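Report on the structure
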Amino acid sequence: MKQLLILSGKGGTGKTTVASAFIKLSNCKSFADCDVDAPNLHLVMSENMEPVINDFYGFQKAFIDNSKCINCGLCEENCHFGAIRNFEVSVYECEGCGVCCEICPQNAVSMTEYASGSLKLYKSQNKVFSTAKLKMGSGASGKLVTAVKKQLLKEAHNSELVIIDGSPGIGCPVIASISGANLVLIVTEPTVSGIHDMKRIIKTAKQFGTACIVCINKFDVEMDNTKKIEAYCNEIQIPVVGRIPFDNTVIKAVNNFKSIDEYQDSKAAKAIKTIWNTIYENYLLSK
Amino acid sequence: MKIAVLSGKGGTGKTFVSVNLACAAESAAQSNLNSVYVDCDVEEPNGNLFLKPTNIKKSGVNVTVPVVDNTKCTGCRKCSDFCKYNALAYVKDRLLIFNEVCHSCGGCIIFCPQKALKERQREIGVIEEGISGKTTVFSGNLNTGEVSGVPIIKELLPKLPDNGSVIIDCPPGSACTVMESIRQVDYCLLVAEPTLFGVHNLSMVYELFKLLKKPFGVVLNKCLADEENPSEQFCKENRITIIEKIPYDKEIGRLNSQGLVAVRENGTYKELFERILDKLVKESLQ
Ligand code: SF4
Ligand code: SF4
Ligand code: SF4
Ligand code: SF4
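Note on numbering: residues in each chain are counted from 1, in written sequence order. Each chain gets a letter, beginning with A, and each ligand a number, beginning with 1, in the order they are written. Given that this is a predicted model, residues contribute local features only at a pLDDT of at least 70 and side-chain atom pairs are listed and counted only at 80 or more, while totals for whole chains, interfaces and linings are drawn from all residues. Only hydrogens and water are removed before side-chain values are computed, so all heavy atoms of the structure are retained for them.

Observations concerning the packing of aromatic side chains
Residue and element names in this part refer to chain B.
- The rule is short: rings of Phe, Tyr and Trp, with Trp giving its six-membered ring, pair when the centres are within 6.5 Å, and they are stacked under 30 degrees, edge-to-face over 60, tilted in between. Evaluated as defined, the whole model comprises nine aromatic pairs over all chains.
- Note on tyrosine 206 and phenylalanine 216: the rings are 6.1 Å apart at their centroids and 55 degrees apart in plane angle, and the pair reads as tilted. Residue tyrosine 206 is located in helix H7 (residues 196–212), and its partner phenylalanine 216 is located in strand E10 (residues 216–223); the two are separated by ten residues in the primary sequence. Just as tyrosine 206 is buried, phenylalanine 216 falls in that class too. Helix numbering and strand numbering both begin at the N terminus, where a helix is a DSSP run of H or I of at least 4 residues and a strand a DSSP run of E of at least 2. Only protein chains enter the area calculation, which uses a 1.4 Å probe; residues under 20% of their type maximum are buried, those over 50% are exposed, and those in between are partly exposed.

What follows is the structure in structure tokens.
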């Protein structure tokens, strides 16, 4: 099994557009959306299937029983996250470390399960699609990403190829999505921020020793920057596998909840198809 | 006045809006008031690419992690049993500490019966403070490979002045870093795109605000004159204040991709963002 992970450093660069097109083009049977903060892939890929939804329990949260509490203040003093004020725990700030629970002389604090999101699994006879939604501001996004992948891999044991739409950024959810990936495709844009974010994500992927390739979306918007990206990648020996032109059809596709692949004659769809073929032949076909 | 600029997802133009608001504030501000831009998107701080601050002062951000004195440790494993994040493991007569996953809760240090654990400082990123025009620019920068940017944001926020206009460019999404960024602000400004993805993301952030009870409004970015705007529809249905519609414009795209600030290059945009700022001041006083 090969795991292809699609990342972008930042959202809005066309990551989901590329991922959904790849899933269609490759006829991929097992895929996941690891952008648990703001998942979008199900909008284009769920094909009216109903998912099985399960609560996801990330970290526990502390709870103070006021009838036992003697207001000694020890818990508040020792909480490194400032989550306790006036003998009450704020669920947004509590990281579930358990210090208050251990330190309380009255046993007034207990650690309780807390649903920090929901896991969704779409399944049909020949397809599995795993995704999730993190509850607002509840932390534990890295853990939820790991759960999304675990849920997928459990069902996908026979698949040759797994495609994962990664999460933006470089922090815990991204690190959780990189683990186990065979290949990372970075979708970047020819803007100063696009270049900056690409460099950071390449660095992160390198720290995990994962192979990286790059494709440039909306390449024709700013040719100078496109050339800069190519020169940079060349210098550090990261292959640039293709360019996707700016194309209004992409917005149209998104607004109709469709994959760009369904607009085969569009410039973007053609470019993505070429890129897919390159990736498939050069990186995914078992040699 | 502190304004947080947010979006359900990256790529909606959050940095574009915050940078331009900060620059609009600098010309609007009376001489004794500050204009401050703060980049709390510590995983991908991009504001500096536009504002290009100079006279930069850097300071490291540290977290505390445990370090073990092997001569005192008896291998009782109380620490590793306690640690909720699996940052400690006692293997082959030795305590291993995985710094990257340590949340710095301090528990292992407090509860080690032998007092074998001590605090050690570890740098996870830097804060930069510089100046761009009349705007003070703060920016947090998480080192790659690090898990959480929250400690950086926690160190950034107390540095902000109480007077003048402070624009906080928040991380995308709704994760812990966002919660941290908006805790102390007077007003939250959501940037939304006119697509169905945009609505989906907007509705998620909207949920967050209903919970937090902070005053907020929306600016609709990249609006096409004669296209449907599902985000606008959503705002109207849910009675969300629309602060302004920013038109889609090739010129903005060009300035953006070259790392230029629209307000500083173009009079129309200067007026537009000064107007937005005015409205924000009025809204937040309500
Ligand atoms: S569990 Fe930890 S983070 Fe939560 S309130 Fe207790 S000490 Fe604070
Ligand atoms: S440590 Fe226990 S008794 Fe003391 S204030 Fe906290 S909850 Fe109350
Ligand atoms: S709690 Fe202290 S003595 Fe026990 S294993 Fe940990 S460091 Fe060693
Ligand atoms: S400080 Fe807390 S998170 Fe870090 S190793 Fe100790 S118990 Fe674990």
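That shown, we press on.
Let's talk about the confidence of the model for chain B
All names here are of chain B.
- Per residue, pLDDT captures the predictor's confidence, and it can take any value from 0 to 100. Per-residue confidence for chain B gives a mean pLDDT of 85; residues scoring 70 or more make up 94%.
- The secondary-structure element of chain B with the lowest mean pLDDT is helix H6 (residues 176–182), recorded at 75, while helix H4 (residues 107–111) shows the highest, at 96.
- This prediction of the complex comes with two scores: 0.76 for pTM and 0.76 for ipTM.

Points about the interface of chain B and chain A
- Only heavy atoms enter the contact rule, under which two residues are in contact if any of them lie within 4.5 Å. Listed by partner, the interface residues are 55 residues for chain B and 52 residues for chain A.
- Contact with chain A buries area across many residues of chain B, yet Glu44, Thr144 and Phe197 of chain B alone supply 15% of it, more than any other trio.
- In the sections that follow, a salt bridge refers to a side-chain nitrogen of Lys or Arg positioned within 4 Å of a carboxyl oxygen of Asp or Glu. For the interface between chain B and chain A, the tally reads two salt bridges.
- The partner of glutamate 44 of chain B in a salt bridge is arginine 200 of chain A, and the shortest N-O contact between them spans 4.0 Å.
- Elements supplying a minimum of two residues to the side of chain B that touches chain A: helix H2 (47–51), helix H3 (78–82), H4, strand E7 (135–142), H6, H7 and helix H9 (250–257) of chain B.
- Among the elements that line the side of chain B that touches chain A, the one with the most residues is H7 of chain B, at nine residues. Accessible area that two parts lose when put together, evaluated with a 1.4 Å probe and summed over both, is termed the buried area.

A few points about unusual backbone geometry
- Although it is not a glycine, asparagine 71 of chain A adopts a positive phi angle of roughly 55 degrees.
- By secondary structure assignment, the location of asparagine 71 of chain A is in the loop between strand E4 (61–64) and helix H3 (74–78).
- Classification of asparagine 71 of chain A as partly exposed rests on a relative accessible area of 46%.
- Backbone geometry at serine 104 of chain B places phi at a positive 60 degrees, although glycine is not the residue there.
- Here serine 104 of chain B shows up in the loop between strand E5 (94–97) and H4.
- Residue classification places serine 104 of chain B among the buried positions, given a relative accessible area of 15%.

As for the pairing of strand E2 (residues 35–39) of chain B
All names here are of chain B.
- With respect to burial, E2 is a largely interior element, five of its five residues being buried.
- Here E2 shows a buried face lined by Ser35, Tyr37 and Asp39 and a second buried face lined by Val36 and Val38.
- What makes two strands pair is DSSP finding at least two bridges between them. Here E2 pairs with E7 via five bridges, running parallel. Bridging across to E7, valine 36 finds its partner in threonine 136.

Quick notes on the nonpolar core
- Here, nonpolar core refers to any group of buried Ala, Val, Leu, Ile, Met, Phe, Trp, Tyr and Cys residues whose side-chain atoms link them within 4.5 Å. Ranked by internal contacts, the top residues of the largest apolar core, which has 76 residues, are Leu6, Val38 and Ile168 of chain B.
- With five residues, H7 of chain B is the single largest residue contributor to this core.
- Apart from residues no more than four positions distant in its own chain, isoleucine 168 of chain B is found in contact with Ile3, Ala4, Val5, Val38, Cys40, Leu157, Leu160, Ser181 and Val185 of chain B.
- Among the nonpolar cores identified, the runner-up in size contains 37 residues, and Val36, Ala181, Ile216 and Ile238 of chain A belong to it.

Focus on the packing of helix H1 (residues 15–25) of chain A against helix H10 (residues 267–284) of chain A
Residues and elements named next belong to chain A.
- Helix axes are fitted only over the stretch in contact, all axes being lines through C-alpha atoms; the angle between N-to-C directions runs from 0 to 180 degrees. The interhelical angle for the contact between H1 and H10, taken along N-to-C directions, is 65 degrees, at an axis separation of 10 Å. Overall, the two elements H1 and H10 adopt an arrangement that is roughly perpendicular. Regarding H1 and H10, the two cross each other, and that crossing is right-handed. Every residue of H10 that contacts H1 at Thr17, Val18, Ala21, Phe22 and Leu25 is listed here: Ile272, Lys273, Ile275, Trp276 and Ile279.
- Asp, Glu, Lys and Arg are counted as charged, while Ala, Val, Leu, Ile, Met, Phe, Trp, Tyr, Cys and Pro are counted as nonpolar; the rest, among them Gly, fall into the polar class. Taken together, the residues of the contact of H1 with H10 sort by class into eight nonpolar, one polar and one charged. Roughly parallel means an angle under 35 degrees; roughly antiparallel means over 145; roughly perpendicular covers 65 to 115; every other angle is labelled oblique. In a left-handed crossing the near helix is turned counterclockwise from the far helix by less than a right angle, and in a right-handed crossing that turn is clockwise.

A short note on the site of ligand 4
- Residues are labelled near a given molecule or strand when at least one of their non-hydrogen atoms is within 4 Å of it. For ligand 4, the full set of nearby residues is Pro66, Phe82, Cys83, Tyr85, Ala87, Leu88, Cys102, His103, Ser104, Cys105, Gly106 and Cys108 of chain B.
- Its residues assigned to classes, the shell around ligand 4 comprises nine nonpolar, three polar and no charged.

Thoughts on the side chain of glutamate 232 of chain B
- Inspection of the secondary structure puts glutamate 232 of chain B in helix H8 (residues 230–237).
- For glutamate 232 of chain B, the contacting residues outside a window of four places in its chain are Leu220, Ile242 and Lys245 of chain B.

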